Amino acid sequence: MTDKSQQDRVLIFDTTLRDGEQSPGATMTHAEKLEIAGLLDEMGVDIIEAGFPIASEGDFAAVSEIARQTQNAVICGLARAQIGDIDRCWEAVQHAKHPRIHTFIGTSPLHRAIPNLDMDQMAERIEQTVTHARNLCDNVQWSPMDATRTEEDYLCRVVEIAIKCGATTINIPDTVGYTAPRESAELIAMLINRVPGADQITFATHCHNDLGMATANSLAAVEAGARQIECTINGLGERAGNTALEEVVMALKVRNDIMPFQTGIDATKIMNISRRVAAVSGFPVQFNKAIVGKNAFAHESGIHQDGMLKNAETFEIMRPEDVGLSETNLVMGKHSGRAALRSKLEDLGFELGDNQLKDVFVRFKELADRKKEIYDDDLIALMRSSTDPENDRLKLRSLKVVCGTDGPQQADLTMEIDGAEHSTTQTGDGPVDASFNAIKALVPHSARLQLYQVHAVTEGTDAQATVSVRMEEEGRIVTGQSANTDTVVASALAYIHALNRLLVRREKGGKDRREISYKDVG
Ligand SMILES: CC(=O)SCCNC(=O)CCNC(=O)[C@H](O)C(C)(C)COP(=O)(O)OP(=O)(O)OC[C@H]1O[C@@H](n2cnc3c(N)ncnc32)[C@H](O)[C@@H]1OP(=O)(O)O
Ligand SMILES: CC(C)C(=O)C(=O)O
Ligand SMILES: [Mn+2]
């Protein structure tokens, strides 16, 4: 294996704020762009493409301010092959410690037809615009858009012109995500071999994910000699997105044995920036997305969980902390086995003997057949019910609600509390509020309702409503769930469910008196 300090450096060029923002609906505010740029700089991105200054006043202002605030990264703006675009771009990026102008034009036959330029006219336009950019800034990147569908000879000709006119980086975009790994590598190798002056500049690769090959194509280009990868956080970008930064960075780290290249990225910052980009762009990350998906370090099946508990390397090729996650997530569900259940219960404070584990495991599987995901509270309730038959101290007996346009709404509620029936009538702002007020009147408590959520499980007006509530009392957080075709009944049941759990948690505040020793779940 090569000594890491001697390995070639691959520059990471992040275009979340330009190509990423081009995803329909992903527009970010000025303040959000500044925040993301700050996080990109902190994580060690080499070049930040901060926007397209001619596109709008807002883009211009964002690029200008990012240029002013950024400490380390090169700040780049995009410009078409037009003098006005390039001037506007320079106006914005010139404030940066390290400014770059990125200018581009579509060179494939399809794209040459749009401005109706023949090969010679386009070559001339490239010569004029790259020269103009280089007269303003000594760091110029040029891109032949749709390079992967451009005739090879013509591509060599225009790349040579751009280099002669002073471009310091030549970016080879696979604009429509059309290329495949071997072809991506061959294209870069061909340019390096054929174009005079190619050894004086940096080749970049810019891939889109239309066929799901963006990461593979980028890495193949690097193996062939590209030394800059253009990418975005979470793979955000036009259509199916761009190459995902987190994927190429972690691939180069984890498979450094066969791809001996270094980046300057602090990978432990990946999760945080991924979450921020998802939040500000409004594009949630798919659960099974490589590296940053919710399930990327989650294990539900028993054999995997058992392996993970014995040696994490059995089912994980990188550690969650390598990307800034605190720990592997053992998700409890119908595929879990005894080893994971024992470990999870130990985390919750229960230490079980073998016989007891057997018994709890049977009931855990029954529950898991009925419920998609088993939360910590479910396990606590399960443990309690295995040792204490009176686990449902509060029960709903009947609920009648009067509601409609003329408020206030009214709830008549009867509950069984420790075996005795109690009734009350209360009003509220809506039927759910009236019902919750009635429950509070019968079971006074200081717990604060933190979350109330209703989902329809099926379609139609007879859909089952599932209600989740989360409540907090003195640091104890409990949840309650229920499903019913009547949303108000489901809400009351979910509330009572949470209150029952709260009573258990209050009791379990001290040491458990039974066979199970209970550490501290309060
Ligand atoms: C693959 C990519 O990601 S390319 C970048 C794509 N990103 C964007 O387009 C986002 C920002 N774009 C915009 O805000 C607008 O398109 C603007 C401000 C740049 C231009 O707006 P308009 O002047 O109204 O032009 P419009 O968007 O309708 O059409 C694009 C024009 O640019 C021309 N053009 C497109 N690419 C280039 C280029 N690289 N170099 C020179 N001209 C170009 C087109 O031929 C067309 O010219 P025309 O108006 O003379 O027909
Ligand atoms: C502007 C260029 C580099 C681009 O985003 C593309 O071709 O995909
Ligand atoms: Mn692109």
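Per an unreviewed UniProt entry, the chain is named 2-isopropylmalate synthase, and its organism is Roseobacter cerasinus. Under the Pathway (unreviewed entry) heading, UniProt states for the chain: "Amino-acid biosynthesis; L-leucine biosynthesis; L-leucine from 3-methyl-2-oxobutanoate: step 1/4."

Moving on, we come to the packing of aromatic side chains. The geometry of an aromatic ring pair comes down to the distance between the two centres and the angle between the two planes. A complete count under the given rule lists 4 aromatic pairs for this structure. Centroid distance F52 to F104: 6.4 Å. Interplanar angle 75 degrees. Geometry classified as edge-to-face. Of this pair, F52 sits in the loop between strand 3 (47-51) and helix 2 (57-69) while F104 sits in strand 5 (residues 99-106), placing them 52 residues apart in sequence. Using a relative accessible area of 17% as the deciding quantity, one classes F52 as buried.

Here the focus is the packing of helix 8 (residues 214-224) against helix 9 (residues 245-254). Where helix 8 meets helix 9, the closest approach of the two axes is 10 Å, and the angle between their N-to-C directions is 50 degrees. With respect to helix 9, the element helix 8 is oriented oblique. Note on packing geometry: the crossing formed by helix 8 with helix 9 is right-handed. Two secondary-structure elements touch here, helix 8 through T215, S218 and L219 and helix 9 through E247, V248, A251 and L252. For the contact of helix 8 with helix 9, the class distribution of residues is 4 nonpolar, 2 polar and 1 charged.

On to the domain arrangement of the chain. Here the chain is described as being made up of domain 1 (8-281), domain 2 (298-387) and domain 3 (394-507). Here the C-alpha centre of domain 3 lies 29 Å away from the C-alpha centre of domain 2.

Our next topic: the pairing of strand 7 (residues 169-174). Counting buried positions along strand 7 yields 6 of 6 residues, so the element is predominantly enclosed. Here strand 7 shows two buried faces, one formed by T169, N171 and P173 and the other by I170, I172 and D174. Regarding the hand of the β-α-β motif, the stretch spanning strand 6 (residues 140-145), helix 6 (residues 152-164) and strand 7 is right-handed. With 6 bridges joining them, strand 7 and strand 8 (residues 202-207) adopt parallel strand pairing. Bridge assignment links I172 to a residue of strand 8, and that residue is T205. For the handedness criterion, the β-α-β arrangement of strand 7, helix 7 (residues 181-194) and strand 8 is classed as right-handed.

Definitions and limits used
- Residues numbered from 1 in each chain as written.
- Chains lettered and ligands numbered in written order.
- Predicted model: local features only at pLDDT ≥ 70, side-chain atom pairs only at ≥ 80, totals over all residues.
- Heavy atoms only, no water.
- UniProt positions renumbered as here; feature names shortened; annotations may be inferred.
- Phe/Tyr/Trp six-rings, centres within 6.5 Å; stacked < 30°, edge-to-face > 60°.
- Helix = DSSP H or I, 4+ residues; strand = E, 2+ residues; numbered from the N terminus.
- Buried < 20%, exposed > 50% of the residue type's maximum accessible area, 1.4 Å probe, protein only.
- Axes fitted to C-alpha atoms, helices over the stretch in contact; angles between N-to-C directions.
- Parallel < 35°, antiparallel > 145°, perpendicular 65-115°, else oblique.
- Left-handed = near helix turned anticlockwise from the far one by under 90°.
- Contact = heavy atoms within 4.5 Å.
- Nonpolar A, V, L, I, M, F, W, Y, C, P; charged D, E, K, R; others polar.
- Domains from an automatic or database assignment.
- Right-handed = clockwise from strand over helix to strand, strands pointing away.
- Pairing = 2+ DSSP bridges.

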